[in-house]
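Okay, here's what each chain looks like letter by letter:
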Amino acid sequence: MKKVAVIGGGTMGNGITHVFAMNGIPVNLVEMSEELAEKALSTIEKNLDRMVKKEKIDATEKVETLESITTFTSVEDAVKDVDLVVEAVPENFELKKKVFSKVDEAAPERTILATNTSSISITKIAAATSRPEQFIGMHFFNPVPVMKLVEIVKGFETSEETYETIEETARLLDKTPIPVEDYPGFVSNRVLMPMINEAIYCVHEGVAEPEDVDSVMKLGMAHPMGPLRLADFIGLDVCLDIMNVLYEGFKDPKYRPCPLLVKMVDAGKLGDKTGEGFFEYD
């Protein structure tokens, strides 16, 4: 991988950009506006400063990492000379389809297309491109610079060569790639989100207060973070999107989103990003 484009500079996108750039791979980071691009760069710089303070990297490595990132507001310009495109836009199929339509048209024939989707069918997104054999899921975990896991998800037509290239790339980023088949939610969110949803039902039905639900899971099941605190950290809107993908994908009522989750998202109480979810934040 001589150069990579990352589309989307939000929580996942700036983290993915961070790890590629820190491992010596130039990154073209795409955002909708210069302001959002600067915000993404600012977040990356703060995270690098934290790593310098903890002596995980030195000041020179921080500067080299930032110099490896170039920002763009045009998808077409950003992907015209890259070997890999990683999409990290919100969890919405139509939006991802629109992005990959532009990418597919502008990127070189050799370029591998990857999506960081946490639940949407890789096969379905790949079908919107002219190169489904070069399309794959590369699902990172938040916070990307810290978490080692990357779920590598093959679509129906993903070639073995594409899979092996992305598996090797993940290892170059000091990540642990795990092969996963293309089913709604893959493994991580198929297991995690129903647990979070059930924790929300406990609050919804008056079984326990949010802090008590989390305490049970931390003290009784040795979870480092309670499911409701984790939901706030992920974003309640993201949790709802994933639950809807599971519900629609499996047509099984056990994946029905809790009404309280729906109401909180409708009310704009999305967790950390808005300052209030199941808990309040500064």
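Everything quoted here is computed from the prediction, not taken from an experiment.

1. Some points on the packing of aromatic side chains
Using the criterion set out here, one finds two aromatic pairs in the structure. Ring centres of Phe 100 and Phe 135 lie 4.8 Å apart, and the angle between their planes is 65 degrees; on these two criteria the pair is classed as edge-to-face. Of this pair, Phe 100 sits in helix H5 (residues 93-106) while Phe 135 sits in strand E6 (residues 135-139), placing them 35 residues apart in sequence. Each of the two residues, Phe 100 as well as Phe 135, counts as buried. Seen from the ring of Phe 93, Lys 124 lies directly overhead, with NZ or CZ sitting 4.3 Å from the centre.

2. Things to note about the packing of helix H9 (residues 210-221) against helix H10 (residues 227-234)
Interhelical geometry of H9 versus H10 gives an angle of 110 degrees and a closest axis separation of 7 Å. Classified by the angle between their axes, H9 and H10 sit roughly perpendicular to one another. Of the residues in H10, those touching H9 at Pro 210, Val 213, Asp 214 and Met 217 are Pro 227, Leu 228 and Arg 229. Of the residues contributing to the contact of H9 with H10, the split by class is five nonpolar, no polar and two charged.

3. Brief notes about the domain arrangement of the protein
Along its sequence, the protein is organised into domain 1 (4-181) and domain 2 (190-273). Inter-centroid distance (C-alpha atoms) of domain 1 to domain 2 is 27 Å. The junction of domain 1 with domain 2 conceals about 420 Å² of combined surface from both sides, 67% of it contributed by carbon and sulfur atoms. Summed over the three residues of domain 1 that lose the most area to domain 2, namely Glu 91, Ser 119 and Asn 142, the buried surface amounts to 74% of that side. Our enumeration of links across domain 1 and domain 2 arrives at zero salt bridges.

Conventions adopted
Residues numbered from 1 in each chain as written. Predicted model: local features only at pLDDT ≥ 70, side-chain atom pairs only at ≥ 80, totals over all residues. Heavy atoms only, no water. Phe/Tyr/Trp six-rings, centres within 6.5 Å; stacked < 30°, edge-to-face > 60°. Helix = DSSP H or I, 4+ residues; strand = E, 2+ residues; numbered from the N terminus. Buried < 20%, exposed > 50% of the residue type's maximum accessible area, 1.4 Å probe, protein only. Lys NZ or Arg CZ within 6 Å of the ring centre and 35° of its normal. Axes fitted to C-alpha atoms, helices over the stretch in contact; angles between N-to-C directions. Parallel < 35°, antiparallel > 145°, perpendicular 65-115°, else oblique. Contact = heavy atoms within 4.5 Å. Nonpolar A, V, L, I, M, F, W, Y, C, P; charged D, E, K, R; others polar. Domains from an automatic or database assignment. Buried area = accessible area lost by both parts, 1.4 Å probe. Salt bridge = Lys/Arg side-chain N within 4 Å of Asp/Glu carboxyl O.

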